[in-house]
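Analysis of the macromolecular model
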Amino acid sequence: MDIIQIAVGISTVIGIAVGVIRLTIYVRAMRARNVRAEIVQEGDLGVPRILFSLSKDRAQIANNLPSRTHFVGRTEQLRDLENALQSRSYIVVIEGIGGVGKTSLALELCHKLIDVKKKPATQDDDSSELDDKEFHSIVWVSAKETRTTLDEVFDTIAKVLSYPYILKLEGNEKAEAVGKLLRKETALLVIDNFETITDKAILQFLQQLPEPSKAIVTSRHKTIRDAKALHLTGLDIDETRDLINTELGNKGMKIGRQQERVYQELHKATGGVPLVIKWAIGQIKYGETFESVLEKLHNAQ
């Protein structure tokens, strides 16, 4: 065997090895999108190929959601958000003052979408209505602590949907690839704290969001043309009572004899804003009197 034959043999082995590695990566990507993929070998040479089949497990929705938090009330608002996603509107804006619970509402809805896929629908299950709009993935982008750009939004979409090659693209080429992807796979894009975003290209992208994908945006202001807006206000008195009890339990606290007064006074002073209610309970936990906390809340109004 001469040197040329040895070189050809080595080159062939390397080529097969690289091919198998690429097939393995591709199989993993397909499995992440609920497609059952398997590498098999055929023929005397054992040439690898891939067999595909739709996975019977449709429960998994690719996502990068933050952990679920304790959610209180908002039954009507959740239903409104679900209906908005069922409508023809491709963007839904949850608007309201800071701390009113916009992020919590969006996050709860997203986790509820995942829950629906994890259990069979029943006639008595109201959440089964969400099956009419089946999302293959949910992409969460938070602009609270970072200066978010459109390129970062594209990269997050590519990562969640398991299309890593898009990360290497640039400019119009990346935008076109993401557009094709969102037309092919129904995704729900959530952009949290939209009012902090300064990259105007993100707004333009949202206004041209490829169907059938949709977006939920949380913002202190309605800044997106043609979006369906849901205005979020404070909790009602019953929801405030539930939140106070939850916070007290988490902190190992008890109200005492004047429970109803505490509920009523805190609800009135906080306007039912969850973040302010949690702050008030925290202040009492660390030594403030109930009256002094109420005074601070009234002075802040």
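Provided above is the structure to which this section pertains.
Source: prediction; values computed, not measured.

Brief notes about the pattern of salt bridges
On inspection of all chains with the given rule, the structure shows 11 salt bridges. Notably, a salt bridge pairs Asp238 with Arg241, separated by 2.8 Å at the nearest N-O pair. Here Arg241 and Asp238 lie together in helix α7 (residues 237-250), a separation of three residues that amounts to about one turn. Taking the relative accessible area as the measure of exposure, Asp238 reaches 46% and is therefore partly exposed. Residue Glu260 is joined to Arg241 by a salt bridge in which the shortest nitrogen-to-oxygen separation is 3.0 Å. You can see Glu260 sitting in helix α8 (residues 259-270) and its partner Arg241 sitting in helix α7, a full 19 residues away along the chain. One salt-bridge network, held together by shared partners, links Arg68, Glu108 and Asp115.

Side note on the side chain of Asn193
For Asn193, the location among the structural elements is in the loop between β6 (187-192) and α6 (200-207). According to the relative accessible area criterion, Asn193 is buried, its value standing at 15%. Once you skip the residues sitting within four places of it in the chain, Asn193 turns out to touch Ser142, Ala143, Lys144 and Thr218.

Side note on the sheet that holds strand β3 (residues 62-63)
Reading across the sheet, the six strands line up as β3-β5-β6-β7-β4-β8 and stay open at both edges, with parallel pairing between neighbours. The open sheet is flanked by β3 and β8 (228-231), the only strands paired with a single partner. Examined bridge by bridge, strand β4 (residues 91-95) and β8 share four bridges and lie parallel to one another. The partner of Val92 across the bridge, within β8, is Lys228. Packed on one face of the sheet, helix α2 (residues 75-86) meets β4, β6, β7 (214-219) and β8 and runs near 140 degrees to β7. Docked against the sheet, α6 engages β4, β6 and β7, running at close to 150 degrees with respect to β6.

A look at the nonpolar core
In terms of nonpolar packing, the biggest core is built from 33 residues, with Ile157, Leu189, Ile191, Phe205 and Leu206 touching the most fellow members. For this core, the secondary structure elements donating two or more residues are β4, β5 (137-142), α4 (150-160), α5 (171-184), β6, α6 and β7. Broken down by element, the residue count for this core peaks at six residues, all from α4. Leaving out residues up to four positions away in the same chain, Ile191 has contacts with Val141, Ile197, Ile202, Leu206, Ile216, Val217 and Thr218.

Calculation rules
- Residues numbered from 1 in each chain as written.
- Predicted model: local features only at pLDDT ≥ 70, side-chain atom pairs only at ≥ 80, totals over all residues.
- Heavy atoms only, no water.
- Salt bridge = Lys/Arg side-chain N within 4 Å of Asp/Glu carboxyl O.
- Helix = DSSP H or I, 4+ residues; strand = E, 2+ residues; numbered from the N terminus.
- Buried < 20%, exposed > 50% of the residue type's maximum accessible area, 1.4 Å probe, protein only.
- Contact = heavy atoms within 4.5 Å.
- Pairing = 2+ DSSP bridges.
- Axes fitted to C-alpha atoms, helices over the stretch in contact; angles between N-to-C directions.
- Core = buried A, V, L, I, M, F, W, Y, C linked by side-chain atoms within 4.5 Å.

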